[in-house]
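# Structure at a glance
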Amino acid sequence: MTPDWTSALARARAHAPFLAGALGRLPDLAQLLAAGEADAALAYARNAGHSAPDTGAALRRERLALSLVLAIGDLAGAFPLLEVTGALSTFADRALDAAIDAGIRRRAPDFDPAGPKGFFALALGKHGAGELNYSSDIDPILLFDPALLPRRERDEPGEAAQRVARAVVETLSRVDHEGYVFRVDLRLRPASEVSPLAIPVDAALTHYESSALTWERAAFIRARACSGDIAAGEAFLAAIRPFVWRRSLDFGAIAEIGRLTTQIRASTRGSPQVGPGFDLKKGRGGIREVEFYAQTHQLIHGGRNPALRLRGTRATLDALAAAGLIGSDDAVLLGESYDRLRTIEHRLQMMQDQQTHSLPKTAEAIEAVALLDGLPSGAALLDEVAAITAQVGTRYDALVMANTPQGSISVAMPDQSSLEEELDGLGFAAPGALAERIRGWLDGKVRALRTDAARAAFAAIRPDLFAALAAAPDPERALARWEQLLGNLPSAINLFNLLEARPALLDMLARILGLAPTLADDLARRADLLDSLIDASAFDLPGPVEDLIAQFTRFEAGDDYERKLDAVRRKVGELRFKLGVQLIEGANDPIAIGHALARIAHAALTVLTDLAVAEFRTVHGQVPNSEMLVLGLGRMGGGVLTHASDLDLVFLFSGDFRAESDGRRPLGATHYYNRLSQRTISALSVATAQGALFEVDTRLRPSGEQGPPAASLDSFARYQHEQAWTWEHMALCRARPLYGSASARDVLSGTLHDVLTAPRDPVKLRYDVLEMRAKMARHKPAAGPLDVKLLRGGLVDLEFIVHYLQLRERSTGLTPDLGDAVRALAAAGLIAPALVDAHDALTRLLVAMRLLARDAKPPAPAACMALGRACGYANWDALVQDLTRARTHVAKAWREVFGETLEIEQ
């Protein structure tokens, strides 16, 4: 659409007294606007204050000219809404910065603006988001560093800072014949009723870390360092990031926002219905409710999803839709409604340059606003506002009101008899003793239930929780693990709020507690793991390794080495937990879950090794023309892990072992890579604040468990060709380079291929394989009837068959993935096709039983059902029959390949 400057100027002169007056006061600027020279008009506005006698006067002149240019450009259709609000916000940044400099210079005339200021402003609300109104106040928080604030030697830092703050307010708020710059509201600062205008940084940090409220969290969603010492402001925001963006989902925020909404609606002056006096900002379906809609989702989900940590309202709505948290249609409707309401709000403010959000109280004034906007009548304006706010209000009510407690919940201790009757009706054994235990929880024995707020939140879910636990596969075990979970939590309000907001999680939680000790233990350490189950992606398999690496490397700005280790552990823990739940629910094939676990481990290894290498290089530098490689063996090499798998790794390095690193503390290459591999093992295995990650097993390295952890590529190749035992070459059949440059991994893959395809005596090979298996059977028998790995006819026997044939045939089936190798050997006619199904059945059961039957013994009946369901069987008997069938096929193949009979127990 072509801008219509003539119509804009005519409407401004006819219907907006403030704009008409400004056009009269600035005739040169009016001439530029009439000619449609937008860029020249903006340049004029920026230089309007160049001859002013002081900072305040310069800013007032610039503000008047800029307001006029933006208003006429807006009315003409030349400037879209975000360009107008962005220009106003940028001017507010410059104005604050100039006022801070002027305030410091009053008491420190020699102050250098390019040096340390020790004073900064945080922009909040629309200013922070770059969305300032046409006639808006600003709500900065002023902070200072007592050690850096320039001041007279005799001035106390706190008093000097208050002088600067008062000067800032005076410079910006003073009104004279040239107008004003901005109304300044400092009431968003910590404890504004009693605190000084400018707050020391340390005092502000203490407030936000210990006693800030939910509305303050919402305010800081859009906060940014805008003026003064920007770097110090950004450091402050980074320090309070955990306060704003909580890692656990916070459904309590909905109730808080809901209560705040009720208060705002009740206290809003003017008509509650669209008509004269209706408040576009605070009324139902108005501007603030669109903002609250976006911010509520951010408070809940932004701690876990950094992509949602945006300041702009429209951008946030789009990001929420992209994340699948709101519908795309809702995002478009709310965004377009927001823009239109903001535009109408600007029209109201253009009339008299007043910070108003309410429609006029007379029909004539409403008509003037409509005509200024280009609408045909006041009635058309009211109809449009009514339609917009109705749609916004409906969506906002659906979000907030459904999650706001309707009335109070009693936190009184339930009496013994009524609680016992409730538990007895649910079918719990010994309801009397159980009722007494529960009363003990509420009587102070459980730390997480010692506050009224916690007991109220627990009371809200208690009936549904006990019903879900009673319906669990093993109610008594589920209840005991729930009790353990509660006992380990310092606070459980977020957990209770999550379960109240997502009641479907209660049944899933009960199954987790009753069936999977590993997952129950994980929850006892990290109750926020449940957060990962609330969206539609909970039952999706994770993507490729490259995508997981990108996910694991999304660190927070300023994170150090230890925090990055924690971040990776947290993300890996969430993914492994989700995959465990998928097993319980029978949502995906256990083999696919095993592959996913291996991809997660591969990505984590890559990221953590990169971190360890970078950290190590800061002290020891690099070894020229050399790098570290990591080789995966066993299940890690084969690409199918279980929840109980450790990582079998071999650490190698390229280049000359006689070389030396170039850091400030140089090391010889061998010593360098031994130290670096130990650092990497620690990054993978040492428990941090987020717990442990993986057990790492390096006993398959050439030097054995007593030797150094790293070897050169040359020595590795020499050892494999000249000294390695047959069982070590069998292990190499599952080897896969995991870490290192593409060229270095190609060299290693070539070495593996040369070793595995080397000629060998088939008689000796057969003897070595059988001897090794017999020794293994003697020293490591099966742990129970479900030990599908070590049982005769199980996976170890199948692996020995496959590896024997891979080494004998030298080229057929040489792939580290055992399933792919079985398929290749079957396709070549070297083994029966039935071994393909046998491998898959045994592998499925291995992956599932490591979670649901860790001791390899048949679990309780309910867990047997879950184990069968996870593996795709209709019942337990079908699973047992298929296990027997698979072992029989393996035993038959053993006889065909080795000429020996393999006895298996039925």
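A few points on the structure. The structure displayed is predicted, hence computed values, not measured ones.

## Re the overall build of the protein
- In terms of regular secondary structure, the protein is built from 39 helices and 11 strands.
- The principal-axis extent of the C-alpha atoms belonging to the protein is close to 105 × 75 × 60 Å.
- Per-residue burial over the protein gives 55% buried out of 906 residues.
- For the protein, restricting intrachain contacts to residue pairs at least 6 apart in sequence, the fraction spanning at least 24 positions comes to 72%.
- Put simply, the protein shows about 37,400 Å² of open surface, and 51% of that area lies on carbon and sulfur atoms.

## Observations concerning helix α26 (residues 545–552)
- Considered for burial, the residues of α26 that qualify are Val 545, Leu 548 and Phe 552. One side of α26 carries all its buried residues, which in axial view fall inside an arc of 60 degrees.

## Observations concerning the nonpolar core
- Ranked by internal contacts, the top residues of the largest apolar core, which has 173 residues, are Trp 441, Phe 458, Leu 469, Trp 482, Leu 649 and Leu 867.
- Looking at this core element by element, the count peaks at 15 residues for helix α28 (residues 590–620).
- Those residues in contact with Trp 441, other than ones at most four positions away along the chain, are Val 446, Leu 449, Phe 458, Phe 466, Leu 479, Trp 482, Glu 483 and Leu 486.
- Among the nonpolar cores identified, the runner-up in size contains 96 residues, and Ile 100, Phe 119, Tyr 338 and Ala 368 belong to it.

## Examining the pattern of salt bridges
- Counted under the stated rule, the structure contains 42 salt bridges.
- Of the charged contacts, one joins Asp 93 and Arg 224 as a salt bridge, the two residues approaching to 2.9 Å between their closest N and O atoms. Of this pair, Asp 93 sits in helix α6 (residues 81–107) while Arg 224 sits in strand β6 (residues 224–228), and the two are 131 residues apart along the sequence. Both residues of the pair, Asp 93 and Arg 224, count as buried.
- Close ionic contact of Lys 764 with Asp 768 constitutes a salt bridge, the shortest N to O distance being 2.7 Å. With Lys 764 and Asp 768 both in helix α34 (residues 762–779) and 4 residues apart, the pair spans about one turn of that helix.
- Residues joined by salt bridges that share partners form a network here, namely Asp 74, Arg 340, Arg 347, Asp 373 and Glu 384.

## Overview of the environment of Arg 869
- Tracing the sequence through the fold places Arg 869 in helix α38 (residues 861–870).
- Classification of Arg 869 by relative accessible area gives partly exposed; the value is 37%.
- In the structure, Arg 869 is positioned 10 residues away from Leu 879 in sequence and 9.2 Å away in space, judged by C-alpha atoms.
- Residues contacting Arg 869, with those up to four places away along its chain left out, are Ile 584, Glu 585 and Gly 586.

## Comments concerning the sheet that holds β6
- In spatial order, the strands read β5-β3-β1-β6; together these 4 strands make up an open sheet with mixed pairing. The open sheet is flanked by β5 (198–200) and β6, the only strands paired with a single partner. Taken over all neighbouring pairs, the strand axes of this sheet differ in orientation by 35 degrees on average, direction set aside.
- Looking at chain direction, strand β1 (residues 119–123) and β6 are connected through 4 bridges and run antiparallel.

## Some points on the packing of helix α2 (residues 17–25) against helix α3 (residues 27–34)
- Packing of α2 against α3 leaves a shortest axis separation of 5 Å and a crossing angle of 105 degrees. Here α3 runs roughly perpendicular to α2, going by the angle between their axes. Contact residues: α2 offers Leu 23, Gly 24 and Arg 25, while α3 offers Pro 27, Ala 30 and Leu 33.
- Residues belonging to the contact of α2 with α3 are distributed by class as follows: 4 nonpolar, 1 polar and 1 charged.

## Quick notes on the state of the cysteines
- In total, this model carries 0 disulfides according to the counting rule given.
- Cys 864 carries a free sulfur, and the closest cysteine sulfur to it, the one in Cys 871, is 11 Å from it.
- Taking the relative accessible area as the measure of exposure, Cys 864 reaches 8% and is therefore buried.

## Considerations on the packing of aromatic side chains
- Taken as a whole, this structure holds 15 aromatic pairs when the rule is applied.
- Between the aromatic rings of Trp 894 and Phe 898, the centroid separation amounts to 4.6 Å while the plane-to-plane angle is 55 degrees, which identifies the pairing as tilted. Of this pair, Trp 894 and Phe 898 both sit in helix α39 (residues 876–898), 4 residues apart, roughly one helical turn.
- Overall, the relative accessible area of 2% leaves Trp 894 in the buried class.

## Focus on the environment of Gly 228
- Along the chain, the position of Gly 228 falls in strand β6.
- Note on Gly 228: relative accessible area 10%, which makes it buried.
- As for Gly 228 and Leu 96, which are separated by 132 residues in sequence, their C-alpha atoms are 7.8 Å apart.
- Filtering out sequence-adjacent residues up to four positions away, Gly 228 remains in contact with Asp 97, Ile 100, Lys 117, Phe 119 and Phe 120.

## Brief notes about the side chain of Gln 582
- Mapped onto the elements of the fold, Gln 582 is located in helix α27 (residues 561–585).
- At a separation of 3.1 Å, a polar atom in the side chain of Gln 582 contacts the main-chain carbonyl oxygen of Ala 538.
- Once residues within four sequence positions are removed from consideration, Gln 582 is found in contact with Ala 538, Phe 539, Asp 540, Leu 541, Ala 587, Asn 588 and Ile 593.

## Topic: the packing of helix α25 (residues 517–525) against α27
- Direction vectors running N to C along α25 and α27 enclose 140 degrees, while the axes themselves pass 10 Å from each other. Regarding the angle of α25 to α27, the classification is oblique. In the crossing of α25 with α27, the sense of the turn from one axis to the other is left-handed. Contacts between α25 and α27 involve Leu 519, Asp 522 and Leu 523 from the former and Phe 577, Gly 580, Val 581 and Ile 584 from the latter.
- The residue makeup of the contact of α25 with α27, split by class, is 5 nonpolar, 1 polar and 1 charged.

Parameters at a glance
Residues numbered from 1 in each chain as written. Predicted model: local features only at pLDDT ≥ 70, side-chain atom pairs only at ≥ 80, totals over all residues. Heavy atoms only, no water. Helix = DSSP H or I, 4+ residues; strand = E, 2+ residues; numbered from the N terminus. Buried < 20%, exposed > 50% of the residue type's maximum accessible area, 1.4 Å probe, protein only. Contact = heavy atoms within 4.5 Å. Areas by Shrake-Rupley, 256 points an atom, 1.4 Å probe, with all protein chains shown as cover. Arc of directions from axis to C-beta. Core = buried A, V, L, I, M, F, W, Y, C linked by side-chain atoms within 4.5 Å. Salt bridge = Lys/Arg side-chain N within 4 Å of Asp/Glu carboxyl O. Pairing = 2+ DSSP bridges. Axes fitted to C-alpha atoms, helices over the stretch in contact; angles between N-to-C directions. Parallel < 35°, antiparallel > 145°, perpendicular 65-115°, else oblique. Nonpolar A, V, L, I, M, F, W, Y, C, P; charged D, E, K, R; others polar. Disulfide = S-S within 2.5 Å. Phe/Tyr/Trp six-rings, centres within 6.5 Å; stacked < 30°, edge-to-face > 60°. Polar contact = N/O pair within 3.5 Å; in protein donor to acceptor, adjacent residues only side chain to side chain. Left-handed = near helix turned anticlockwise from the far one by under 90°.

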